[in-house]
Amino acid sequence: MAAEALASDILIAPSVLPANFARLGEECVELERAGADRIHWDVMDGRFVPNLTFGPDIIASIRPLVSLPFEAHLMVQEPHELAPRYAEAGCELLIVHAEACPHLHRTLGAIRDLDMDAGVALNPGTPASAVAPVLDMCRLVLVMTVNPGWGGQHYIRSMETKITEVQNLISHSDHEVEVEVDGGVGPATIGGAAQAGAKVFVAGSAIFSDTDGYKAAIHKLRTAATTN
Ligand code: DX5
Ligand code: ZN
């Protein structure tokens, strides 16, 4: 029973970074049918990270096709400037990098003023303590288990200590905050992240490269999160 309860706690947020962009809408519809809990948009501006990806207009064009919540992971230099555009595009949750926000508390407040939930992402080199002063503003903390910029990288297992540190900060606060991980998450790594305290898992390559299809890939992740 406990395992089933844990499985129902686990949320899978596919990153569409590896999707076939020529049929991005169909890909998102298939992910919804396959049992995904959220769509994770890896937004990159070519400055905070070298890669360039999804503008708000692309997300807005997909919005009417699926009912899943959209979370935008803003790997951008000036997230506060872009936040209104991603709100208009239909994102329910905006995740900004602590490293890109000299005024993090103000930026999170601006996101919430746009009627979106706010999240903070921490690069591998940023300590868990960076989010302690703003937990009251966050719906989630995203612990990066790779250095941002590309999909398909190797999971940095040493980040599991930070996952637990973030979970402990939350447990000792009065706030309900999700712990999410992003980068190199697959059947071989999700168990360690879950045991460390994560409940929400971004996965790109592990889903899009699975020859058994999206539904099987998502099921494998849920199973591995609760049994490994
Ligand atoms: C890194 C991106 C990736 C992506 C997931 O900037 O945030 O972590 O979402 O990619 P995979 O699951 O292929 O590592
Ligand atoms: Zn991401």
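Residues numbered from 1 in each chain as written. Chains lettered and ligands numbered in written order. Predicted model: local features only at pLDDT ≥ 70, side-chain atom pairs only at ≥ 80, totals over all residues. Heavy atoms only, no water.

S.K.: Please provide a residue-by-residue account of the site of ligand 1, values included.
M.R.: Neighbouring ligand 1 are 19 residues, the closest being Asp42, Gly149, Asp182, Gly204 and Ser205. Note that an oxygen atom of ligand 1 is positioned 2.7 Å from one of the side-chain N or O atoms of Asp182. When the free accessible area of ligand 1 is taken as 370 Å², the share hidden by the protein chains comes to 99%. The set of elements that each furnish at least two residues to the shell around ligand 1 consists of β2 (39-44), β3 (70-75) and β8 (200-203). Within the shell around ligand 1, the residues separate by chemical class into eight nonpolar, nine polar and two charged. (Near = heavy atom within 4 Å. Polar contact = N/O pair within 3.5 Å; in protein donor to acceptor, adjacent residues only side chain to side chain. Areas by Shrake-Rupley, 256 points an atom, 1.4 Å probe, with all protein chains shown as cover. Helix = DSSP H or I, 4+ residues; strand = E, 2+ residues; numbered from the N terminus. Nonpolar A, V, L, I, M, F, W, Y, C, P; charged D, E, K, R; others polar.)

S.K.: Outline the coordination of the zinc ion (ligand 2), listing residues and values.
M.R.: Around the zinc ion (ligand 2), the protein contributes the donor atoms His40 (NE2), Asp42 (OD), His73 (ND1) and Asp182 (OD), at 1.9 to 2.2 Å from the metal centre. Donor residues binding the zinc ion (ligand 2) come from one chain and are separated in sequence as H-x1-D-x30-H-x108-D. Placement of the pair is His73 in strand β3 and Asp182 in strand β7 (residues 178-182), with a sequence separation of 109 residues. Accessibility expressed as a relative area gives 0% for His73, which makes it buried. With relative accessibility at 8%, the residue Asp182 sits in the buried group. (Donors = N, O, S within 2.8 Å, 3.2 Å for Na, K, Ca; no water. Buried < 20%, exposed > 50% of the residue type's maximum accessible area, 1.4 Å probe, protein only.)

S.K.: Pulling in residues and values, what's your account of helix α9 (residues 214-227)?
M.R.: For an α-helix the count is 3.6 residues per turn, leaving residues at separations of three or four pointing the same way. With 14 residues, α9 should reach 20 Å at 1.5 Å per residue; the first-to-last C-alpha distance of 20 Å fits that figure. Considered for burial, the residues of α9 that qualify are Tyr214, Ala217, Ile218, Leu221, Arg222, Ala224, Ala225 and Thr226. (Expected span 1.5 Å × (residues − 1).)

S.K.: Describe the side chain of His40, naming the residues involved and giving the relevant values.
M.R.: Relative to the elements of secondary structure, His40 occurs in strand β2. Of note is the side chain of His40, whose polar atom sits 3.2 Å from the side chain of Asp182. The residues contacting His40, other than those within four sequence positions of it, are Ala13, Pro14, Ser15, Val16, Glu71, His73, Ile95, Leu142, Glu180, Asp182 and Val202. (Contact = heavy atoms within 4.5 Å.)

S.K.: Give me helix α4 (residues 79-88): which residues, what numbers.
M.R.: Along α4, the positions that sit buried rather than exposed are Pro79, Ala83 and Tyr86. Taken end-on, α4 shows its buried residues confined to a sector of 80°, consistent with a single buried face. Exposed residues lying more than 90 degrees from the buried face of α4 are Glu81 and Glu88. Close packing links the buried residues of α4 with β2, α3 (56-62), β3, β4 (93-97) and α5 (104-113). Backbone geometry just downstream of α4 places Gly90 in the positive-phi region, at approximately 105°. (Arc of directions from axis to C-beta.)

S.K.: Please provide a residue-by-residue account of the packing of aromatic side chains, values included.
M.R.: By the definition in use, this model includes four aromatic pairs. With 5.3 Å between their ring centres and 70° between their planes, Phe21 and Phe54 make a pair best called edge-to-face. Placement of the pair is Phe21 in the loop between β1 (11-14) and α2 (24-33) and Phe54 in the loop between β2 and α3, with a sequence separation of 33 residues. Here Phe54 falls in the buried class, since its relative accessible area comes to 3%. Among the aromatic side chains, those forming a connected cluster through ring pairs are Phe21, Trp41, Phe54 and Phe70. (Phe/Tyr/Trp six-rings, centres within 6.5 Å; stacked < 30°, edge-to-face > 60°.)

S.K.: How would you summarise the environment of Thr107 if you had to cite specific residues and measurements?
M.R.: Here Thr107 lies in helix α5. A relative accessible area of 6% places Thr107 in the buried class. Residues Thr107 and Val185, spaced 78 residues apart in sequence, show a C-alpha to C-alpha distance of 28 Å. Apart from residues lying up to four places away in sequence, Thr107 is in contact with His80, Val96 and Cys101.

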